Amino acid sequence: MEVITLTPRGYCKGVVNAIETAKRTRKQHPNEPITILGMLVHNRFVVEALQKYQINSVDTAGKTRYELLDEINEGFVIFTAHGVSDRVREKANTKGLKIIDATCEYVSFIHSLIKDKLSEGYTIGYIGKKNHPESEAVLEISDKVHLIETEADLIFTDEKLFFTNQTTLSSYQTAALYETIAKKYPNAIISNEICNATRCRQQAVMELEKVDALVVVGDPKSHNTQKLAQLAQQKAAHVFCVENLDDLLKEDLHSFQKVAVTSGASTPTKITQQIIHYLQTKEIIPLKTEDII
């Protein structure tokens with residue numbers, strides 16, 4: 001079997017920063033409670049590995065970051081790479097929590113960009129996924145920020161319009177939606193903010209030559225991983241979405257001659273490397289907690 005490893009894959013800069021921030025906080029404060037508001041990054045193996053450091057997460061389906069803060073009453077609170085709104089920051093301060101901010105720099109930039117445009121009198125159209133933590137934080141900035149998921153949401157009548165987007169969307173689907181926006185609102189300002197990590201991983205999949213199968217490694221909760229998997233359907237007849245080697249071992253890949261492997265930006269590099277090594281050698285290399293983070 002020929003194994004093609006796509007580049008880039010695995011942890012992006014924002015994820016590395018978030019994980020290192022959490023570990024550094026524990027090292028500097030060995031005896032204090034440390035709680036992450038939500039999943040630090042969307043990968044359950046990272047969450048489990050952080051628990052080994054006595055760093056826990058609060059993440060209940062259907063609850064906002066603002067609501068989740070009710071479950072944290074002492075110590076440090078870590079804001080995830082997805083960012084939080086000013087309202088969440090204010091509540092954390094009011095509760096006397098010590099804030100550690102692991103927001104991705106690309107997400108922070110979008111927050112600043114939107115606030116600047118709001119101060120200039122613009123109404124904001126934000127392309128994103130409903131209930132995703134990154135979108136949640138942006139939508140709480142102002143009631144003049146409106147979520148766009150499909151063309152049906154393009155119902156603006158304001159004269160001053162500014163459009164931007166969640167960083168982890170499909171760059172191809174987002175570009176198509178921006179084409180529609182440009183035609184419908186020719187005077188609007190558009191700022192496509194798909195992050196480089198997401199864009200490059202998606203581009204690597206789309207530039208892939210014909211393969212029999214494509215393995216996408218990542219957590220199903222990871223939006224950028226989901227988008228990689230969707231694009232993979234266009235490049236291979238057989239696409240396998242797996243969280244780790246255990247998932248892959250349940251699949252039968254023996255008949256394939258050429259298999260490609262990629263992974264989402266929040267997928268631990270060692271997990272992907274373990275899968276690649278197995279495909280190449282049929283040898284299983286055990287992983288330890290320290291290999292994950």
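A brief structural summary.

What counts as what
Sequence order sets the numbering: in each chain, residues are counted from 1 along the sequence as written. The predicted nature of this model means local features are confined to residues of pLDDT at least 70 and side-chain atom pairs, given and counted, to a pLDDT of 80 or more, with totals for whole chains, interfaces and linings taken over all residues. Values reported for side chains reflect all heavy atoms of the structure, with hydrogen atoms and water molecules removed beforehand. DSSP bridges decide pairing: two strands pair if at least two such bridges lie between them. A run of H or I in DSSP becomes a helix once it reaches four residues, and a run of E becomes a strand once it reaches two; helices and strands are each numbered from the N terminus. Between N-to-C directions, angles span 0 to 180 degrees; the directions come from axes that are lines fitted to C-alpha atoms, helices contributing only their stretch in contact. Note on contacts: a residue pair qualifies if any of its non-hydrogen atoms lie within 4.5 Å across the two residues. Three labels apply to residues, based on accessible area from a 1.4 Å probe with only protein chains included: buried if under 20% of the type maximum, exposed if over 50%, partly exposed otherwise in between. N or O atoms closer than or at 3.5 Å make up a polar contact, with two conditions inside protein: a donor-capable atom paired with an acceptor-capable one, and, for residues adjacent in sequence, both atoms drawn from side chains. The crossover handedness rule: strands pointing away from the viewer, path from first strand over the helix to second strand clockwise, crossover right-handed. The rule is short: rings of Phe, Tyr and Trp, with Trp giving its six-membered ring, pair when the centres are within 6.5 Å, and they are stacked under 30 degrees, edge-to-face over 60, tilted in between. Lysine and arginine charges are scored as sitting over a ring when NZ or CZ, respectively, is within 6 Å of the ring centre and within 35 degrees of the ring normal.

**A few points about the sheet that holds strand β1 (residues 2–5)**
Then, in step 1: In space, the four strands of this open sheet follow the order β1-β12-β10-β11, with parallel pairing throughout. Of all strands in the sheet, those bounded by a partner on one side alone are β1 and β11 (236–242). Mean inter-strand twist for the sheet, computed between neighbouring axes without regard to direction, equals 25 degrees.
Then, in step 2: Across five bridges, strand β10 (residues 211–217) lies against strand β12 (residues 258–263) in parallel orientation. Along β12, the bridge assignment pairs Ala-213 with Val-259.
Then, in step 3: Contacts from helix α9 (residues 223–232) reach β10, β11 and β12, with the element oriented near 170 degrees to β10.

**Here's the deal with the sheet that holds strand β9 (residues 189–190)**
Then, in step 1: With parallel pairing, four strands are arranged side by side in an open sheet as β7-β6-β8-β9. Unpaired on one side and paired on the other, β7 (145–148) and β9 mark the two borders of the sheet.
Then, in step 2: Bridge count between strand β6 (residues 123–127) and β7: four bridges; the pairing is parallel. In the sheet register, Tyr-126 faces β7, and the bridge partner there is Leu-147.
Then, in step 3: In the packing of helix α7 (residues 171–184) onto the sheet, the strands contacted are β6, β7, β8 (161–165) and β9, and the crossing angle to β8 comes to about 175 degrees.

**Comments concerning the environment of Lys-235**
Then, in step 1: If you trace the backbone, Lys-235 turns up in the loop between α9 and β11.
Then, in step 2: On the basis of relative accessibility, which here comes to 24%, the residue Lys-235 falls in the partly exposed class.
Then, in step 3: Taking the C-alpha atoms as reference, Lys-235 lies 8.6 Å from Ala-213; in sequence the two are 22 residues apart.
Then, in step 4: Among residues more than four places away in sequence, those in contact with Lys-235 are Val-205, Met-206, Leu-208 and Val-211.
Then, in step 5: In this structure the side chain of Lys-235 is engaged in a polar contact, spanning 3.0 Å, whose partner is the backbone oxygen of Met-206.

**Notes on the side chain of Thr-25**
Then, in step 1: You can see Thr-25 is positioned in helix α1 (residues 13–28).
Then, in step 2: Excluding residues that lie within four positions of it along the chain, Thr-25 makes contacts with Ile-34, Phe-76 and Ile-100.

**A look at the pairing of strand β2 (residues 34–37)**
Then, in step 1: Residue alternation in β2 divides its side chains into two sets, Ile-34 and Ile-36 and Thr-35 and Leu-37, and both sets are buried.
Then, in step 2: Relative to strand β3 (residues 55–58), β2 runs parallel, the two sharing four bridges. When the bridges of β3 are listed, Thr-35 appears paired with Asn-56.
Then, in step 3: For the segment spanning β2, helix α2 (residues 44–51) and β3, crossover handedness is right-handed.
Then, in step 4: Note: β2 against strand β4 (residues 76–79), four bridges, orientation parallel. Paired with Leu-37 across the two strands is Phe-79, which belongs to β4.

**A look at the packing of aromatic side chains**
Then, in step 1: For the coordinates displayed, the defined rule picks out four aromatic pairs.
Then, in step 2: When the ring of Phe-156 is compared with that of Phe-163, the centres are 5.5 Å apart and the planes differ by 85 degrees; the resulting orientation is edge-to-face.
Then, in step 3: Assessed through its relative accessible area of 13%, Phe-156 is described here as buried.
Then, in step 4: Linked through ring pairs, Phe-156, Phe-163 and Tyr-185 together constitute an aromatic cluster.
Then, in step 5: Taking NZ or CZ as reference, Arg-87 lies 3.8 Å from the ring centre of Tyr-66, over its face.
Then, in step 6: Between the NZ or CZ atom of Lys-282 and the centre of the ring of Tyr-278, over which it lies, the distance is 5.7 Å.

**Looking at the side chain of Gln-166**
Then, in step 1: Mapped onto the secondary structure, Gln-166 falls in the loop between β8 and α7.
Then, in step 2: The exposure class assigned to Gln-166 is buried, which follows from its relative accessible area of 0%.
Then, in step 3: Polar side-chain contacts of Gln-166 include one of 3.0 Å to the side chain of Thr-168.
Then, in step 4: Not counting residues within four places of it along the chain, the set of residues in contact with Gln-166 comprises Tyr-126, Ile-127, Gly-128, Lys-129, His-132, Glu-134, Ser-135, Ile-194 and His-223.

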